[in-house]
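Structure assessment
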Amino acid sequence: MANQNTSTIIVTGGAGYIGSHTIIELLQQTDYTIVSIDNFSNSNTDTFDRIEAITGKRVKNLNVDICNLETLELAIASVKNPIGVIHFAAFKSVPQSVAEPLLYYQNNLGSLINILKICQKHHISNFIFSSSCSVYGNVEKLPVTEQTPFSVAESPYAQTKQMGEDIVSNYTKSAPSFKSVLLRYFNPVGAHTSGLNGEYPRGKPDNLVPYITQTAAGILQKLTVFGNDYDTRDGSCIRDYIHVSDIADAHVKAMNYLIDNKQSKQTSVFNLGTGNGVSVLEAVHSFEKVSQQKLNYEIGPRRAGDVINIYANNDFAKKELNWIPKYNLDEMMLSAWKWQLHLQEEK
Ligand code: NAD
Ligand code: WQD
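The residue numbers shown here count from 1 along each chain, following its written sequence. Each chain is given a letter, starting from A, and each ligand a number, starting from 1, according to the order in which they appear as written. At least 70 in pLDDT is required for a residue's local features to be given in this predicted model, at least 80 for side-chain atom pairs to be given and counted, and no such filter applies to totals for whole chains, interfaces and linings, which use all residues. Note: side-chain values were computed over all heavy atoms of the structure, leaving out hydrogens and water.

**Section: the site of ligand 2**
Nearness is defined per residue: one heavy atom within 4 Å of the molecule or strand is enough. Taken together, the neighbourhood of ligand 2 is formed by 19 residues, with S132, Y157, T224, R239 and D306 sitting nearest. In this structure, an oxygen atom belonging to ligand 2 sits 3.0 Å away from a side-chain N or O atom of N187. By the criterion applied in these results, polar contacts are pairs of N or O atoms within 3.5 Å in which, for protein atoms, one can donate a hydrogen and the other can accept it, and in which residues neighboring in sequence qualify only through two side-chain atoms. Residue F226 places a main-chain N or O atom 2.9 Å away from an oxygen atom belonging to ligand 2. About the coverage of ligand 2: the protein hides 87% of its 690 Å² of free accessible area. In short, Shrake-Rupley with a 1.4 Å probe defines the accessible areas, and a residue's cover is counted only from the protein chains shown.

Next up, the structure:
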C-alpha cells in the first residue's frame, strides 16, 4: 500500500471538465499530492482558483504540451514520487475530429504514447485511461456491457479511443509491473454541486446540456431537438447521462483499486453510466422542472451519425469498485443550471 502523504498522482488534462472535478474528489478523499499537466488548449487557468475555492488546496499545474516529449520529460523531473497517472488530456469534439482527423490522431494518440513512455521511464505502475462509450458505436443489444464488441468507429475521435484502449492494453501486457484501468464514460453532464466549477464554454456547444443551459440563459436563441421520430418511447434519442462528480468519484475508486492491488487482471475495463436511458425530451423536461425556466426549443431533423439508443450496464463498476452513482437526472440538471448562473454572475 502506498503512503498517501509522500506519493503523487499525476492528472493530465487537470484543468479540463472531468479532470478538474476528479482533482476535487482526489483532494477531498485522499492525501496524495496531485500534480496536473495541462497546456490549456481547451481550458482556462482559473480552473485552479475554482478548485482551491472548493477544496482550500492549491494544485500545481505543469503547463506543457504532452505531445512534446522533451518538455514533458523536463517538467516531470520536478514531480516527487509519482505512483499513478490519470490520463484525461485529449481533444474531444466529434465534429471537429471529422473536419481535422490528423489533429485528433496526433494529439490523442501522441499524448497517450508519451505519457506511457514517462510511466515506463519513471516506473509509474498505476494508470487510468479516459475512454468513451463512443467505442461501442451502434450496438444491437442494450444495455451495453464491457463485453459488447466494438462496432466500426463513427468518427476519428471515437477511433482514437478504440486505438487508445489497444495501446494501453498492449503496453500493459508488455510490462509485468504495470496495471491499467480503462474507464468508458457514457454522457458526463452537470457541475460541482457548489456551482463553482463546471464545463467551461468555448464557442457554441455541440452537447445537449450546455446547449440547454445556454439557451435558458439567453446566450443561444433556441434548442433544436434532433428528431422525434425515432423508435423510442417519445421519439427522441436515448442516452445515459451521468453526473461529472460521480465520474470523478469512480476515478478515485479506480486509482485505489489499482494501488491496493485489488484487480485480478493487469487491465480492467469499466462502464461508467447510471444504467438509466433518458430521452432528449425527458432531459429537457427535467431541466424545465428544476430550473423553473420555460425552455425555448423546437423539434428539428435528425442529426447525422446519432446513435438512437445507448445506456450502460454498470454492474461491474458497482461490484468491483464499490462505486454507486449518487446523482439523479434532476440533480444533474440543477447543478448544470447553477453553474450557468454562476458564470453569468462572474461576467
Ligand atoms: P476537456 O477538453 O474539458 O479537458 C481536456 C483537457 O486536456 C483540457 O484542459 C486541455 O487543455 C488538455 N489537453 C488536451 N490536449 C493536451 C495536450 N496535448 N497537452 C496538455 N494538455 C492537453 O475534456 P473533458 O470533457 O474533461 O474530457 C476528458 C477526457 O475524457 C478526454 O480524454 C475525453 O475524450 C474523455 N471523455 C469525455 C467525455 C465528455 O463527454 N466530456 C465523454 C467520454 C470521454
Ligand atoms: C446527446 C443527445 C443528440 C444537442 C457525445 C460524443 C460521445 C461522448 C459524449 C466523448 C443526442 C441530442 C444534442 C442539441 C439535441 N463524448 N441533442 N440537440 O452525441 O451522445 O455523445 O458526447 O467521448 O463520444 O459523441 O452527446 O450531448 O451531443 O447529444 O437534440 O443541440 O442530445 O441528438 O441524442 P452524444 P450530445
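Moving on from the coordinates now.
**Topic: the side chain of T160**
Working definition: helices are DSSP H or I runs of at least four residues, strands are E runs of at least two. Numbering for both runs from the N terminus. Residue position: T160 is located in helix α6 (residues 156-174). Polar side-chain contacts of T160 include one of 2.6 Å to the backbone oxygen of Y157. Residues are treated as being in contact if the distance between any of their heavy atoms lies within 4.5 Å. When neighbours within four sequence positions are excluded, T160 is seen to be in contact with Y104, Y105, N108 and L109.

**Details of the site of ligand 1**
Lining the immediate surroundings of ligand 1 are 27 residues, of which D38, N42, S43, K92 and Y157 lie closest. The separation between an oxygen atom of ligand 1 and a polar main-chain atom of S41 is 3.0 Å. Here a nitrogen atom of ligand 1 and a backbone polar atom of I66 are 3.0 Å apart. Notes on ligand 1: free accessible area 820 Å², of which the protein chains cover 95%.

**Here's the deal with the sheet that holds strand β2 (residues 33-37)**
In this description, strands pair whenever DSSP reports at least two bridges between them. Pairing in this open sheet of seven strands is parallel, and the strands run β3-β2-β1-β4-β5-β6-β11 from one edge to the other. At either margin of the open sheet sits one strand with a lone partner, and together these are β3 (60-62) and β11 (267-272). Strand after strand, the sheet turns through a mean of 20° between neighbouring axes, direction not considered. Bridge count between β2 and β3: three bridges; the pairing is parallel. Following the sheet pairing, S36 is matched in β3 by N61. Axes, fitted as lines to C-alpha atoms, cover a helix only where it is in contact. Angles between the N-to-C directions of the axes lie from 0 to 180 degrees.

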